[in-house]
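Read off the chains here:
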Amino acid sequence: MMDEERSNEKCESVTLSLMSEAVSAPTECEKRVCVFGTGDMGRSLGLRLLQAGYSVMFGSRRPQSCNFLPNGAQVLSHAEAAQAAHLIFIAVQREHYDFLVPLAYHLKGKVLVDLSNNLKKNQYPEANAEYLQSLVPEAEVVKGFNTLSAWALQNGPSDANRQVYICGDRAEAKQVVLAVATKLGFSALDRGSLSASRELEDFPLQLFPLWRLPMRIAVGLTAFFFFYLLIREILYAYITQGKDISFRIMVSLANRVCPIVSLIMLALCYLPGVLASFLQLYRGTKYRRFPDWLDRWMLCRKQLGLLALGFACLHVLYTLIIPIRYYVRFWATERTVTQIRQNGTNEFITSRAWHSDSYLSFGILGFGLYVLLGITSLPSVSNALSWREFSFVQSKLGHLTLLLCTIHTYLYGGKRFLSASLYNWYTPPGYMLCLVLPSVVLLLKLLLVTPCVDRNITRIRQGWEKGADQRNSKNNKTLVL
Amino acid sequence: MMDEERSNEKCESVTLSLMSEAVSAPTECEKRVCVFGTGDMGRSLGLRLLQAGYSVMFGSRRPQSCNFLPNGAQVLSHAEAAQAAHLIFIAVQREHYDFLVPLAYHLKGKVLVDLSNNLKKNQYPEANAEYLQSLVPEAEVVKGFNTLSAWALQNGPSDANRQVYICGDRAEAKQVVLAVATKLGFSALDRGSLSASRELEDFPLQLFPLWRLPMRIAVGLTAFFFFYLLIREILYAYITQGKDISFRIMVSLANRVCPIVSLIMLALCYLPGVLASFLQLYRGTKYRRFPDWLDRWMLCRKQLGLLALGFACLHVLYTLIIPIRYYVRFWATERTVTQIRQNGTNEFITSRAWHSDSYLSFGILGFGLYVLLGITSLPSVSNALSWREFSFVQSKLGHLTLLLCTIHTYLYGGKRFLSASLYNWYTPPGYMLCLVLPSVVLLLKLLLVTPCVDRNITRIRQGWEKGADQRNSKNNKTLVL
Amino acid sequence: MMDEERSNEKCESVTLSLMSEAVSAPTECEKRVCVFGTGDMGRSLGLRLLQAGYSVMFGSRRPQSCNFLPNGAQVLSHAEAAQAAHLIFIAVQREHYDFLVPLAYHLKGKVLVDLSNNLKKNQYPEANAEYLQSLVPEAEVVKGFNTLSAWALQNGPSDANRQVYICGDRAEAKQVVLAVATKLGFSALDRGSLSASRELEDFPLQLFPLWRLPMRIAVGLTAFFFFYLLIREILYAYITQGKDISFRIMVSLANRVCPIVSLIMLALCYLPGVLASFLQLYRGTKYRRFPDWLDRWMLCRKQLGLLALGFACLHVLYTLIIPIRYYVRFWATERTVTQIRQNGTNEFITSRAWHSDSYLSFGILGFGLYVLLGITSLPSVSNALSWREFSFVQSKLGHLTLLLCTIHTYLYGGKRFLSASLYNWYTPPGYMLCLVLPSVVLLLKLLLVTPCVDRNITRIRQGWEKGADQRNSKNNKTLVL
C-alpha cells in the first residue's frame, strides 16, 4: 500500500503534456502537414488530417480566393506551404504538376504524396507518380491514398476501404506516409518501389475485373441456348406445322434458358475444385502451382456462383407467374371445355401427382440452399465465418445444392427422356444438354469422397509428398502449416 | 555476412523490456487508468482496457460490494482511484455527477472522459460533459466513447462501430484519449471543442434520421393513392352500380398502390441527380453549393430507393398469390361455365399473348435489377466496390431499372389508355398518374446523355468553369482533384 | 508571420530519418522478425510483415530449396534465423516442434509466437503452445494469430477477421506481439496467460457453435410435426377411407410443416426476452444473473429467428407453386366439369372473398417484415445501426411480425376451429398446436407494455432496485450507466 501511495504521488507530478508526449504524440514539426490542391479530395483529406490532430496548411495559387476549406486549416501560397511542412500531399491533376517545378528548391528532401488518378488506363506514357518524381527529382515521391474516395476520407474508414496502398523508392519516406495513414485510421500496405505506382493508379479505374470472365461465360451460354431453343422449338413449330408461337419467346423461352444457364454455371463453379483435387492426386503434392487457366478459373468461382444464382432467381420468378399468363389461362379453360364437349372423363393419376410434386419440391429445396450460399458469400457474412465454417457451407452445402438442382432437372425430364417425339430435327431438348456437366461434376466428386481417395487427398493437403525420401518428406512436412 | 553477425550479436544483448519500450509501450503511469461506475458500460470498458494491456482501477462508493468486475482490475474508493490515475472514465449517469464535487482536489489536472448518454434529446439545459466541466472546473473534461454500446466494447470494434468521436477544450487531453482509443482498436475522430458534446450526446438517441423524409414521402403517397383508388374504384362501383366489392381492399387495391408508390419513389430517387446536373450545366461550374433542399434530397436517395424496393417486393408477392385467391378461382370457373352454357367459342389471340407475356417479362427483369441495386447498397457490398463500380451500378443500372419498370407499367396500361370507359368520374386510373414522374426523369436523363450535353457536364465535373479567364480557370483546374 | 518563418526554418533542418524515427519507426533490431516454416501460413505472414516494413527472415532446414517465398525476405538456416531476430513466428505443425530443441540456446529469451492449429479438438493432452513452452522453457512463448487464415493475412484484415487473440505468461512478450499485430493492421486482444491457449486453438475448429441449439430445435420440431401430420392426415385417409394421398407428402405436407415450425421458432425467439423481463420484475433488480438456461437461450435468439425465416421462405415458395401442381390443376377442372354436369350454380360469397384475401394479405405483410428483420441482422447492417435503432427494429418490428403471422394463422383456421370434422382421431390440426406458443408470448408482451408494468421495468433497467434503502439505491444508481 505504502509503495502504491508513492507511485501515486509520482503520478500527480507528471504533467499532461508529458503524458501526451509519451503516447507518441507527433512533434510540432511532423504535426504540420501540407496539402496542395483544394478540390474535393484535398479538402476531405485536410479535414481528416485536422481531425486526427495534425495542423494542416493548404497550398494555393490564390490563397485569398479559396472557399469551403475546413476551418482550422491555414491557407498559404504554394511556396510558403512547401517550406512549412515536410509532408506534402499533392491533390492536383497531373496536367498541372508543372506548377511544382519552380518550387523545386523548397521541395528538396520533402516527402510528396501523389494522390492523383487518371480518367482511363494508359492515359499517359508513365505513371503520374513517376512523372512527378521526374519533375522534382530531389523530393521523395510516394504514391498512395489514391484508391480512397473523398467520401471515404470524410466519413472515416469502413471495412473495405480501410486499405491504403503506398509505394515509393525511399524507405524512410514510406515510413512517414505509413505512419500518417495509420494515424488516420487506415491500414497501409507497402506495395514496393515507385515503379509499382502505375498499378496503384489503375486500381480505381478497374470495373469488376473478377466478373469479366464469368460474365462472358454467362452471356455466351445464354446466347447459345436462346438461339438453340428458338430454332428447335419456335422455328420448328413454324416450319413443320406453320404454327406461330413466337410469343413464347418472352416467357416460355426465357424460362427454359435461365434454368439451363444457371445449372451449367453452378456446375462450372464446382468443376475447378474437383479438377484441382485430381491434379494434386495425380502429382502427389500440393507444392506445385496449378496451371494458370485453372488458377484464374478458381479465382472467379464466387462470381460464377452468384451469376448462376441470378439466373436461378429469374427462373423462379418466370415459373411463379405461369398461372397468370393469358396463354396458360386460355388453354386451361379450353381443356375443360373440350373435355365436357367430348363428354370424356380423365381420372386422377397418382404417379403423375407424385412426379409433379417431387419435381417442384426438389426445385424449391435446391433454390433455398442456393440462396443460402448467396447470402454466405456476402462480404460481411463470410468474414464472420471461421475458415472451417466457410468451407463447410461453400463445399458441402454447395455440392448438395448442385445435387438437388440436378435431380430437379432430371425429374423435369421425367419419362420424356425416352420419347423420340421430343428430338425435333434430331436435336436433344435443352434440359438434356445442360444435365451433362452437372452429372460429370457430381460423379467426379463422388469419386473424391470415397474413403481411399479421400485419405490420399487429406495426406497431400497436409503436406505429404509422393515418393519423397524420409528426410526430404519430413523437411517438407515442417513447411506445412 | 560478417557485419550481419555483428548486428545479430548486438540484438542478443537487447533486453525484452527494452524492446517492449521501443514499441511505445505506455509507461507505468499512463498504463494506469481509472473507471468510475461499475455498470454494464463501466465493466465492459474496464475489460477492454485490461485486454489492451492497461492496468484498470474501478472507483466505487462501496469497493467491497462490487460484483461481476473483470478480474485483474482493482477496486478502490473514488478518492484512491482518482489519485491513482491520470485518465478517468466517468461511466456514471449525469444525475449522480455531484459525487465528484468532493473529489475536485484529486481531479485537478486529470483527464475526465464523459461517457454518459441521455434518455431523450434536450433532457437537460446543457450537455452532460459541459455540466461535468462546470462541476470540476480544474479537470480536463473530454467527451467521447458514448456512441459505443457496452456490447461493442466487449466484442471488439467491428466495421461500423470502429468510430469513436471525442471533443474537448484542451488539445493535450484529447491527445491522451485519442491515443487510448487507438490502442483499444478504435479510430477516433476529433469533433472539436467541448461545446460540440451536445451533438455527440444526441448521436445514440437518433432514430433513423436519414429515413425520416423518405418515410414521410412513402406514407404520404401510399395514403393518397389508397384513398384515390378507394374512391374511384370501390366507392364508384358501389354508388353507380350498387356492387359491394369492398373485399378488394385487401389484395387488389394493395396491389395497385404498391407498384404505383414504388415506381414514383424510384423516380424520386433519380430525379435529384438529374436536376443537379442541369443546375451545374446552367451555372457552368461545380464549385457552387446546391440549394439546401436539393442537398437534403440527394442525401436520402439511398433510403428512397430501398423503400421503393420494399414496395416492389410487396407488389411481386401480391401479384404471385393472385391465382390462389378465392375471388380469382371463382371467376375462372364462372367464365368456363358461361362459355359452355352459351356454347360460344373464344379463339386464341396471339397479340394478346404477346402483350401479357412481355408485360410480365419486363416486370420480372425490372424487379431483378431492382433487387440487384438493393444488394449493392448493403454496406459490406458497397464498401467492396471501387468508386467507379459503385457509380456504374447505381447510375447506369439504376436508370435501366427505372426504364424497365416504366415500360412494364406502360405495357400494363396497354391499349386501355384510350378507352374512355376507364375514366370513372373523369379521374385517370392510378397507373397513368404514376407514369408521369418516371417519364419525365427518363426524358431528362436522355437529354443529359446526348453527346453535346454530356461533354459539357464532363468538363464541368473536371473543374472547368464557364467564362473563367485563362489564369483563373487554370488556377481552378489546379484545385480539381 | 516572422515567428512562423522561424519555425519553418527549424523544420527545414530536421532530417527525414529523424522524422521517421519520431513516428516511432521500429529500430533496426526490432524491425527484424523471423518466421519458421515456409508453408502457406508462413509465407503469407512473411509477405504481410514485409509489407508493414519489417525485414523478414525465414528459417528453413534446407534454405536453398525453398520456393514461392515473398521476395525481399532472407532465407537462413534455423540457427542463423534464430540468432538474427528477437521475435520468431513458429508456423510449423506441432508434430515437428522437436526440431526446436537443438536451437534452445539461440532461443533463450526470445519471443516465440505459436501459430499452430490442430485438426480436431483435444487431439493432444496439452495445448500446442504449452507443449512448445515445455520444449524451450527459456523462451517466451506467446500463442496468437492462429485464428487467422493464410488468406486473411495476405489480403489484409477485413471487418470480422481484424481480431487477433494472444495469450502468454510474460507481459513484455505479449506487448511485443501486440505491437506487431497492431502494425499489421489487426486489433489484438490479450486473452490472459498461456493456459488459455487451448481455448484459442479451439477457435478455428468450432463449427457454428451458436447454431447448434437452434438447429436441434428446428430439426426436432420438423420431425415431430411431419410425423404428426403424416399420421393424422395421410395415414388417416388411407385407413379410414382407403384413399392413397401419399403424394401429398412432397408439397402439401411440407407446406404445413414449414409455417408451423417457422411460427413456433419465431415465438421461441421472443419468449426469452419476455421471460427475462418478468424475472427482473419479480426480482426487482437487473443486477442478478439470469439462470444459465435463459442466458444460453437469449444468446441464440438471432439464430432462432434466422432459421424461422428460412422456414417462412420455404412456406412462401411452397404456397406460390400451388397453382402449378398437377393435383390442383386437375381438381380445378373437375370442379368446373361436375358443376356443369349437375347444372348447378354457385354464387359468389363476399365474406369468403374477404376472408381469403385478408388471410393472404396478412401473410404477405408478415413475411415482408420477417425478411426486413433478417436483413437488419446481417452483420454489416446491424453494425451500421445505433443501439436504439437496432432495438427498435428487433424488438418493436419483431413483435409486430409475430403478431401479423399469428393473425395470418388464425385467419387460416377461420371458422374451422369449431367444425368437429377436423379432429381426426381426436387430434387437433397442426395450425392449432402451433398457435399456442405465439399467443402466449403476445399476451405476456401485452402485459409488459401496459403503462404500470412498463414503468417498473424501465426503472429497474435504469438500475433501480426493489427494497434498496436510500444510500444503497443511490449507490447502485451510480453504477448504472
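Since this is a predicted model, take the numbers as computed values, not measurements.

This brings us to helix H18 (residues 387-413) of chain B. Each full turn of the α-helix corresponds to 3.6 residues, which orients residues three or four apart in the same direction. Taking 1.5 Å as the rise per residue, H18(B) with 27 residues should run 39 Å; its terminal C-alpha atoms sit 38 Å apart, in good agreement. Positioned one or two residues after H18(B), B:Gly414 has a phi angle of 55°, which is positive.

We now examine the packing of aromatic side chains. Scanning all chains against the criterion turns up 59 aromatic pairs over all chains. Geometrically, the ring pair formed by A:Phe348 and C:Phe247 is tilted, given 5.5 Å between the ring centres and 50° between the ring planes. Here A:Phe348, found in the loop between helix H15 (326-341) and helix H16 (350-376), pairs with C:Phe247, found in the loop between helix H11 (212-241) and helix H12 (252-283), and the two come from separate chains. Seen in terms of ring centroids, C:Tyr165 and C:Phe203 are 5.3 Å apart; in terms of plane orientation they differ by 45°. Their pairing is tilted. Here C:Tyr165, found in strand E7 (residues 163-168), pairs with C:Phe203, found in the loop between helix H10 (197-202) and H11; they are 38 residues apart in sequence, far enough to count as distant. Judged by its relative accessible area of 22%, C:Phe203 falls in the partly exposed class. Here the aromatic residues A:Phe247, A:Tyr326, A:Tyr327, A:Phe330, A:Trp331 and B:Phe348 are joined through ring pairs into a cluster of three or more.

Attention now moves to the sheet that holds strand E5 (residues 111-114) of chain A. Residue and element names in this part refer to chain A. If you walk across this open sheet you meet the eight strands as E3-E2-E1-E4-E5-E6-E7-E8, and the pairing is mixed. Pairing within the sheet leaves two strands with one partner each, and these edge strands are strand E3 (74-77) and strand E8 (187-190). Mean inter-strand twist for the sheet, computed between neighbouring axes without regard to direction, equals 30°. Contacting strand E1 (32-36), strand E2 (55-60) and strand E4 (87-90), helix H4 (residues 40-51) crosses the sheet at an angle of about 160° to E2. Where helix H9 (residues 171-183) meets the sheet, it contacts E4, E5, strand E6 (140-144), strand E7 (163-168) and E8, and its direction lies at approximately 165° from that of E7.

Glancing now at the side chain of C:Thr376. Residue and element names in this part refer to chain C. With respect to the secondary-structure elements, Thr-376 resides in helix H16 (residues 350-376). Side-chain polar atoms of Thr-376 contact the side chain of Gln-394, separated by 3.2 Å. For Thr-376, the contacting residues outside a window of four places in its chain are Val-381, Ser-382, Phe-390, Val-393 and Gln-394.

Together, A:Lys121, A:Arg212, A:Arg216, B:Arg388 and B:Lys396 line one region of the surface with positive charge. At the level of secondary structure, the elements contributing two or more residues to the positive patch comprise helix H11 (212-241) of chain A together with H18 of chain B. For B:Arg388, the position within the fold is in helix H18.

Ranked by internal contacts, the top residues of the largest apolar core, which has 221 residues, are A:Met265, A:Leu402, B:Met265, B:Leu402, C:Met265 and C:Leu402. Once residues within four sequence positions are removed from consideration, B:Met265 is found in contact with B:Pro214, B:Ile217, B:Ala218, B:Leu221, B:Leu304, B:Leu307, B:Ala308 and B:Phe311.

So, about the UniProt feature "transmembrane region" (unreviewed entry) in chain A. Residue and element names in this part refer to chain A. Look at the UniProt record and you will see "transmembrane region" (unreviewed entry) annotated at residues 217-239, 259-282, 303-328, 359-378 and 430-453. With 100% helix and 0% strand, residues 217-239 has end C-alpha atoms that lie 31 Å from one another. With 100% helix and 0% strand, residues 259-282 has its two end C-alpha atoms placed 34 Å apart.

Conventions we followed
- For every chain, the first residue of the written sequence is number 1, and numbering continues from 1 along that sequence.
- In the order they appear in the text, chains get letters beginning with A and ligands get numbers beginning with 1.
- Where totals are concerned, whole chains, interfaces and linings use all residues; where local detail is concerned, this predicted model gives features only for residues with pLDDT of at least 70, and gives and counts side-chain atom pairs only at 80 or more.
- Excluding hydrogens and water, the side-chain values take into account all heavy atoms of the structure.
- Here a helix means four or more residues in a row that DSSP labels H or I, a strand means two or more in a row labelled E, and each is numbered from the N terminus.
- What a helix is expected to span follows from its residue count: subtract one and scale by 1.5 Å.
- Geometry of aromatic contacts follows a simple scheme: Phe, Tyr and Trp rings, the Trp one being its six-membered ring, pair when their centres are within 6.5 Å, and the pair is stacked under 30 degrees between planes, edge-to-face over 60, tilted otherwise.
- Each residue's exposure class comes from its accessible area (1.4 Å probe, protein chains only) as a fraction of the maximum for that residue type: buried when under 20%, exposed when over 50%, partly exposed otherwise.
- Pairing between strands is defined by DSSP: at least two bridges between them are needed.
- Here the axes come from fitting lines to C-alpha atoms, over the contacting stretch only for helices, and the angles between their N-to-C directions go from 0 to 180 degrees.
- By the convention used here, residues are in contact when the closest approach between their heavy atoms is within 4.5 Å.
- In protein, a polar contact requires one atom able to donate a hydrogen and another able to accept it; more generally it is a pair of N or O atoms within 3.5 Å, and residues adjacent in sequence count only if both atoms are side-chain atoms.
- To count toward a patch, a residue needs a relative accessible area over 30% and no salt bridge; like charges are then connected within 9 Å, while nonpolar side chains (Val, Leu, Ile, Met, Phe, Trp, Tyr) are connected within 5 Å.
- Accessibility throughout is a Shrake-Rupley quantity obtained with a 1.4 Å probe, and a residue counts as covered only by protein chains that appear here.
- Each reported salt bridge corresponds to a side-chain nitrogen of Lys or Arg within 4 Å of a carboxyl oxygen of Asp or Glu.
- Positive charges come from Lys and Arg alone, negative charges from Asp and Glu alone, with His and the N- and C-terminal ends not counted.
- The atoms used to mark charge sites are NZ of Lys, CZ of Arg, CG of Asp and CD of Glu.
- Think of a nonpolar core as a cluster: buried Ala, Val, Leu, Ile, Met, Phe, Trp, Tyr and Cys residues, connected wherever their side-chain atoms sit within 4.5 Å.
- UniProt positions are given in the numbering used here, feature names are shortened, and annotations may be inferred rather than shown by experiment.

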